[in-house]
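A closer look at the structure
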Amino acid sequence: MKKILSGLLVAAFACSLVGCKKEAEVITLSGKTMGTTYHVKYIDDGTVSENSQKAHEQIEHILKDVNAKMSTYIQDSELSRFNQNTQVNTPIDISTDFAKVLAEAIRIHQLTEGALDVTIGPVVNLWGFGPEKRPERQPTAEQLSERQAWVGINKITLDMNGQTPTLSKAVPQVYIDLSSIAKGFGVDQVAEKLEQINVLNYMVEIGGEIRAKGKNAEGKPWQIAIEKPNMTGERAVDNVISLNNMAMATSGDYRIYFEENGKRFAHEIDPKTGYPIQHHLASITVFAPTTMTADGLSTGLFVLGEEKALEVAEKNNLAVYLIIKTEKGFETKMSSAFKKLMETKE
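All of the points below concern the structure found in this document. (Residues numbered from 1 in each chain as written. Predicted model: local features only at pLDDT ≥ 70, side-chain atom pairs only at ≥ 80, totals over all residues. Heavy atoms only, no water.)

**Some remarks on the side chain of Ser242**
Considering the arrangement of structural elements, one finds Ser242 in strand β9 (residues 237-243). Exposure remark for Ser242: the relative accessible area of 18% places this residue in the buried category. A polar side-chain atom of Ser242 sits 3.0 Å from a polar atom in the side chain of Gln223. (Helix = DSSP H or I, 4+ residues; strand = E, 2+ residues; numbered from the N terminus. Buried < 20%, exposed > 50% of the residue type's maximum accessible area, 1.4 Å probe, protein only. Polar contact = N/O pair within 3.5 Å; in protein donor to acceptor, adjacent residues only side chain to side chain.)

**Quick word on the pairing of strand β2 (residues 36-44)**
Bridge count between strand β1 (residues 25-33) and β2: nine bridges; the pairing is antiparallel. When the bridges of β2 are listed, Glu25 appears paired with Asp44. Hairpin connection between β1 and β2: a loop of two residues separates the two successive antiparallel strands, and Met34 in this loop has a positive phi of roughly 55 degrees. As paired strands, β2 and strand β6 (residues 202-206) are joined by five bridges and run antiparallel to one another. Residue pairing in the sheet places Tyr42 in a bridge with Tyr202 of β6. (Pairing = 2+ DSSP bridges.)

**Some points on the packing of helix α7 (residues 182-196) against helix α8 (residues 291-304)**
For any two helices packed against each other, the geometry comes down to the angle between their axes and how far apart the axes lie. Relative to each other, α7 and α8 sit at 165 degrees, their axes nearing to 7 Å. Put simply, α7 runs roughly antiparallel to α8. Once α7 is placed against α8, the crossing between them reads as right-handed. From α7, Ala182, Lys183, Gly184, Phe185, Val187 and Asp188 reach across to α8, where they touch Thr291, Met292 and Asp295. Per-class residue counts for the contact of α7 with α8 are four nonpolar, two polar and three charged. (Axes fitted to C-alpha atoms, helices over the stretch in contact; angles between N-to-C directions. Parallel < 35°, antiparallel > 145°, perpendicular 65-115°, else oblique. Left-handed = near helix turned anticlockwise from the far one by under 90°. Contact = heavy atoms within 4.5 Å. Nonpolar A, V, L, I, M, F, W, Y, C, P; charged D, E, K, R; others polar.)

**A short note on the sheet that holds β2**
Taken in spatial order, the eight strands of this open sheet run β1-β2-β6-β7-β10-β13-β14-β15, and their pairing is antiparallel. If you trace the sheet from one side to the other, it starts and ends with β1 and β15 (329-334), each paired once. Each adjacent strand pair in this sheet contributes to an overall mean axis angle of 15 degrees, direction not counted. Against the sheet, α7 makes contact with β2, β6 and β7 (209-213), and its axis sits at roughly 155 degrees relative to β6, the strand it touches most. Lying on the sheet, helix α9 (residues 306-315) is in contact with β13 (281-288), β14 (319-326) and β15; it crosses β14 at an angle near 165 degrees.

**Quick word on the pattern of salt bridges**
Scanning the entire structure with this criterion turns up eight salt bridges. Residues Lys308 and Glu311 are paired through a salt bridge, measuring 3.0 Å at the closest nitrogen-oxygen approach. Of this pair, Lys308 and Glu311 both sit in helix α9, three residues apart, which is roughly one turn of the helix. For Lys308, a relative accessible area of 26% translates into the label partly exposed. Among the charged side chains, a network of salt bridges with common partners joins Asp188, Glu195, Arg211 and Lys213. (Salt bridge = Lys/Arg side-chain N within 4 Å of Asp/Glu carboxyl O.)

**Considerations on the packing of aromatic side chains**
Summed over the entire model, instances satisfying the criterion amount to three aromatic pairs. When the ring of Trp127 is compared with that of Tyr275, the centres are 5.7 Å apart and the planes differ by 65 degrees; the resulting orientation is edge-to-face. Of this pair, Trp127 sits in the loop between α5 (121-126) and α6 (141-148) while Tyr275 sits in the loop between β12 (263-266) and β13, and the two are 148 residues apart along the sequence. A residue is classified by how much of its surface remains accessible, and Tyr275, at 32% relative accessible area, is partly exposed. For the ring pair Tyr321 and Phe338, a centre distance of 5.3 Å and an interplane angle of 40 degrees mean the geometry is tilted. Note that Tyr321 is positioned in strand β14 and Phe338 in helix α10 (residues 336-345), a separation of 17 residues in sequence. Members of the aromatic cluster, each reached through a chain of ring pairs, are Phe287, Tyr321 and Phe338. (Phe/Tyr/Trp six-rings, centres within 6.5 Å; stacked < 30°, edge-to-face > 60°.)

**Remarks on the packing of helix α2 (residues 52-70) against helix α4 (residues 96-111)**
Packing of α2 against α4 brings their axes to within 10 Å, and their N-to-C directions diverge by 70 degrees. Judged on the interaxial angle alone, α4 and α2 are roughly perpendicular. Packed against α2, whose contacting residues are Asp65, Lys69 and Met70, the element α4 presents Asp97, Phe98 and Val101 at the interface. For the contact of α2 with α4, the residue count by class is three nonpolar, no polar and three charged.

Spatial relationships are all this shows, so hold off on functional conclusions.
The structure is reproduced here in structure tokens:
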């Protein structure tokens, strides 16, 4: 017994000198949010300051908070209350989170030459791709003309100079839709929470928008698949990317659409025309430091189409990967920044 106790004391003393490190454990968390699902994976090597149950609870709280601020499907969300407000040129206080996302959406609007426009909500709803749940039919020219008059970044004023951000609208019907960027913001919020509890290696995904840092359980950068577009609903992989300390988001027209009289109408609306986009770009994947930025950029660049998207990407040093429909199938193109990114990951 004395020998056993002596051995335990020696082992304990050795641990105190060199540290007995916990064997790394892969934690997997998931749930539902923003009309889709989320998945979180991280490595707990003993340095994480909270257990997985507590981390999961906090992630759920974070995502509920984002939804409560930015969902158009929740009638009393902060965004819905602004949309329902008919007072014009009357600034109202908004949360810092709402202001941050809207400010980035406005910046990306300028960068994409107006292709990302979060005031497109009235037209999106008219086409049946929003919470209004209209029948799947093509709107009339008169209906579109009426709603197009409510659309435009110049019809909202965001002021972040005071202690509390404020937002006002120029016409009563202004309706903001943040679905093109809010999921990305949610990913970033979860990632930041993981870093706060000392997680060094993680991957966070909401509805296909992803942010990753560090390495996976095999000690390699997180391997993320870019989906190959197809019209059958089947899933296939086009490419696999190593993602480390970066975010990515993909936009495409092959999942949400309706057909009328043999013509296909995708859910991505061109703010300039009010009609669903009509081009050969099947999907575009954007890489950026934050998922919020990647999310917004992927929507705006997708609306532009393959040629203009690549032109804007080259002009602004954006890392993008494009999959384009051709008569012979699909072909891929990539920006110079994406090529450099892949070279540094190899």
